[in-house]
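Architecture at a glance
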Amino acid sequence: MWIIATLIASAAQTARNAAQRNLTVEIGTMGATAVRFLFGLPFAAAFLLLWSLISPIPMPDAAVLGWVALGASSQIAATALMLVIMKSRGFGVTTALIKTEPVSLALIGAVVLAEPMGAGRLAAIATATLGVILMSGTDWRSGGWRAAVTGLIAGGLFGLSAIGFRGAILALPDGGYVTRAGTVLVLGLLAQTLVMLAWLGLADRPALQGIARHWRGSLWAGFLGSFASLFWFLGFALTAAANVRTLALIEVGMAQLVSRKVLREGASRRQLFGMALIVLGVGALIALNAG
């Protein structure tokens, strides 16, 4: 089940990232960052309301809210950095750079959530991450290291957000995995919406006006973001966050496909070798988990 949820989330996130990339030109980085939260919240709230007719919704305590705050704030920062990289790098390259999160995610998960990884899973994660680095196509001699470092930071923040949201899911007192995922999704989007509205209202009102003008594109990005996040959280409720995020490296291949078909970006031999390593690492992880 977690494999299916992760694949659906990866496909939806690829589409959402492409939608946000286009909005960055129109409403700026922070405006494009905000739309996934502002326009995603109504869809998530509607889902949870309908689900509450089937299953009672648990009441979050201070521990749950603390984990949500960690996940929500990390995801805001990571999304903004991702969109910054997309201004200077291709869509596929940016996706590859931010997918360097599994190693840091595994280490954080082992320390904070006491999730044992084992030598086999760590080796699979390292192999897949090496493939991501090779696929990045970064030219280190011409200052490409700046984008790479920014991508590493963004990837680490995305990993930290995954830890926060999985921690919140596990901290809920009761409920099945769908109930837990939906509850944490609404809590996270609510926190992110309030933060982004406050920030834009104080520091970037033109972005708010731009969001209003481009509400149709923003609505689509928000729906895709909410849809993807729900399936990410379902994955987090079913298995360790590192497993979900490592399998999510398949998103790199999806992004490369979008780049080649839509943006006409080619792939070098090094990038193809990186793809092979990603497939190897992901396949090893699935085999270890099934075993």
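The residue numbering used here restarts from 1 in each chain and proceeds along that chain's sequence as written. Confidence filtering applies because this is a predicted model: local features only for residues at pLDDT of at least 70, side-chain atom pairs given and counted only at 80 or more, and all residues used for totals across whole chains, interfaces and linings. Side-chain metrics in this entry use all non-hydrogen atoms of the structure; hydrogen atoms and water are not considered.

1. With respect to the packing of aromatic side chains
Applied cut-off: Each aromatic pair joins two rings of Phe, Tyr and Trp (for Trp, the six-membered one) with centres within 6.5 Å, and gets the label stacked for planes under 30 degrees apart, edge-to-face for over 60, and tilted for any other angle. Helix and strand assignments follow DSSP, with helices taken as H or I runs no shorter than four residues and strands as E runs no shorter than two, numbered in order from the N terminus. Burial classification: accessible surface area is computed with a 1.4 Å probe over protein chains only, and a residue below 20% of its type maximum counts as buried, one above 50% as exposed, and the rest as partly exposed.
Summed over the entire model, instances satisfying the criterion amount to seven aromatic pairs. On the basis of an interplanar angle of 25° and a centroid distance of 6.0 Å, the ring pair of phenylalanine 223 and phenylalanine 227 is categorised as stacked. Highlighted residues: phenylalanine 223 and phenylalanine 227, both in helix H10 (residues 215-238), separated by four residues, approximately one helical turn. Classification of phenylalanine 223 by relative accessible area gives partly exposed; the value is 31%. With relative accessibility at 33%, the residue phenylalanine 227 sits in the partly exposed group. When the centroid spacing of 5.0 Å and the interplanar angle of 55° are considered together, the rings of phenylalanine 227 and phenylalanine 231 count as tilted. In this pair, phenylalanine 227 and phenylalanine 231 both sit in helix H10, four residues apart, roughly one turn of the helix. In textbook terms, an aromatic cluster arises when at least three aromatic residues are bridged by ring pairs, as seen for Phe43, Trp220, Phe223, Phe227 and Phe231.

2. A word on the nonpolar core
Worth spelling out the cut-off: Residues belong to a common nonpolar core when they are buried Ala, Val, Leu, Ile, Met, Phe, Trp, Tyr or Cys residues joined through side-chain atoms within 4.5 Å. What makes two residues a contact is simply this: any of their non-hydrogen atoms within 4.5 Å.
With 62 residues, the main nonpolar core has Val35, Val184, Ile211, Trp232, Phe233, Leu234 and Phe236 as its most contacted residues. No other element matches the twelve residues that helix H1 (residues 2-38) contributes to this core. Non-local contacts of valine 184, meaning those with residues more than four positions away in its chain, are made with Val68, Phe165, Ala168, Ile169, Leu172 and Phe233.

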